[in-house]
Amino acid sequence: MFPAYARRFRLAKGKVMIRQWSAVFASIARWRLGSARIVAVAACAGMLTAGVGAAAAVPALARTPLRVATDPIAPFVIKQDRQLTGFSIDLWEALAKELKVDFSWIEFKTANELLAAVEHGEADVAIAAITMTPERDKIVDFSYPFFDSGLQIMVRTQEEESFLGSLESIASPAVRKFFGAAIAILFVLANILWLIERRNNPRFQRGYVRGILEGLWGVTLIIATGEHGDRDAPGVVKRLTVGCMWLLGIVLIAQFTATVTSLQTVHHLRSNIQGPGDLPGKTIATKAGTAVADYLDQLGLPYVELNNGEQGCTMLLKGQVQAIVFDAPTLHYWAGRCGKGRLQVVGPLFRLQKYGIAVAAGNPLRKQINEALLTLYENGTYEEIHRKWFPQTR
């Protein structure tokens, strides 16, 4: 009986153990299946994330050719026979080569229009002579600055010399110093002439003061006529003295003429506008839709709107405006190109500014442009482009 019970007990115990191990194996199987599903889901999620990240990393360069907005503003962007040249044009072409992208140009009329096009997706990039300002940085992203600039003033040279202006130049400190030196020299020459003539000439024997006065008159005649009156005088010393006085007089007259002429030339070229403090009350012109126009608006200075440099030069030469306020490199270009010596840039730089390349806010293309720009700085390409368009500054 016991063995039969034992057999039944062992059989029952075996069945229980089989059921327990079956449950364990089933749990392990379910865990492995779940882990595989988790791994599969994670892998899919990773692939999707990577795809999204990759898509976000290259949308700017994937959509080629890039639409590059610009506006003519010499010498950064110059349009000649439907071809664009200039510092900014050459710089962007070098950047595009570094980025290995194609592009097409889109022309606008003002910097504000360029930024609006980038902001609203009508252009991918904007480059010209775009001043970086806090207000503009709120609507677009700028690259590293690629040019340092500032504002200056261009005026017309004075073409008419008034009588009062001539008197002003003659009464200048330089002329007064010259007259003082000339009087001292004449006084010394008068003493020399008095010493020579006082023994034989009765006019020089009436005391020192009268003798010196007679000597001054004699020196004046020598300088003016080259002789002392008595041509047949046998004295060699007297003849040499008269000759030296005459030559010295010629030098004095030539120096006086050169001094007065140079002062009158400076007065002729000098304008009564020498800086931003002289602008109130003057008729000013500038290009609308630019940072310069915003600056004049902040100062409360009214201005005439310009479309291009040729129009500004014409208005200045005709006297329709008294001054043009704009970016210094552009003003120097205009003065040399269409001024022909009749226009000049005056005063120091003020309202210093920097130019940058604009892209849409959050566009990853900004980082790629910055990296390419640093490469151009490092390999000397930027230096070559700058030297080409601004040879006088480097």
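Here, every reference points to the structure presented above.
Being a predicted model, the structure only gives us computed values, none of them experimental.

> Would you take a moment to explain the sheet that holds strand S1 (residues 66-70) for this structure?
By way of backbone hydrogen bonds, the strands of a sheet pair with one another, either parallel or antiparallel. Taking strand neighbours across the sheet as the criterion, the 5 strands line up as S4-S1-S5-S12-S6 in an open arrangement whose pairing is mixed. Strand pairing shows two members of the sheet lacking a second neighbour, strand S4 (103-107) and strand S6 (140-142), which therefore form its edges. Where strand S5 (residues 125-126) and strand S12 (residues 358-360) come together, 2 bridges link them in antiparallel fashion. Across the sheet, the residue bridging to Val125 is Val359, located in S12. Taken strand by strand, helix H3 (residues 87-99) contacts S1, S4 and S5, and its axis lies near 150° from that of S4. Contacting S1, S5, S6 and S12, helix H13 (residues 365-379) crosses the sheet at an angle of about 155° to S12.

> Sorry, what's going on with the pattern of salt bridges here?
Side chains that differ in charge, positive against negative, can pair when their charged atoms come close. Throughout the structure, instances matching the rule amount to 6 salt bridges. Residue Glu107 pairs with Lys79 through a salt bridge whose shortest N-O separation is 3.2 Å. Of this pair, Glu107 sits in strand S4 while Lys79 sits in strand S2 (residues 78-80), placing them 28 residues apart in sequence. Across the salt bridge formed by Lys354 and Asp148, the nearest N and O atoms sit 2.7 Å from each other. Here Lys354 is found in strand S11 (residues 343-355), whereas its partner Asp148 is found in strand S7 (residues 147-156), with 206 residues between them in sequence. Judged by relative accessible area, which is 39%, Lys354 ranks as partly exposed.

> What am I meant to see in the state of the cysteines here?
Here, the word disulfide means a covalent bond between the sulfur atoms of two cysteines. Across all of its chains, the model carries 1 disulfide by this definition. Paired by a disulfide, Cys313 and Cys338 hold their sulfur atoms 2.1 Å apart. You can see Cys313 sitting in helix H11 (residues 309-317) and its partner Cys338 sitting in helix H12 (residues 328-339), a full 25 residues away along the chain. On the basis of relative accessibility, which here comes to 2%, the residue Cys313 falls in the buried class.

Conventions we followed
- Here, residues in each chain are numbered from 1, in the same order as that chain's written sequence.
- Reporting in this predicted model follows two pLDDT cut-offs: at least 70 for local features of residues, and 80 or more for side-chain atom pairs to be given and counted; totals over whole chains, interfaces and linings ignore these cut-offs and use all residues.
- Values reported for side chains reflect all heavy atoms of the structure, with hydrogen atoms and water molecules removed beforehand.
- Paired strands, in this sense, are two strands between which DSSP finds at least two bridges.
- Think of it this way: any DSSP run of H or I at least four residues long counts as a helix, any run of E at least two long counts as a strand, and we number them from the N terminus.
- Any two residues having at least one pair of non-hydrogen atoms within 4.5 Å are treated as being in contact.
- Between N-to-C directions, angles cover 0 to 180 degrees, with each direction set by a line fitted to C-alpha atoms, over the stretch in contact for helices.
- By definition, a salt bridge exists where a carboxyl oxygen of Asp or Glu is found within 4 Å of a side-chain nitrogen of Lys or Arg.
- Between buried and exposed lies partly exposed: a residue is buried under 20% and exposed over 50% of the maximum accessible area for its type, with that area taken using a 1.4 Å probe on protein chains only.
- Pairs of cysteine sulfur atoms within 2.5 Å are what we label disulfides.

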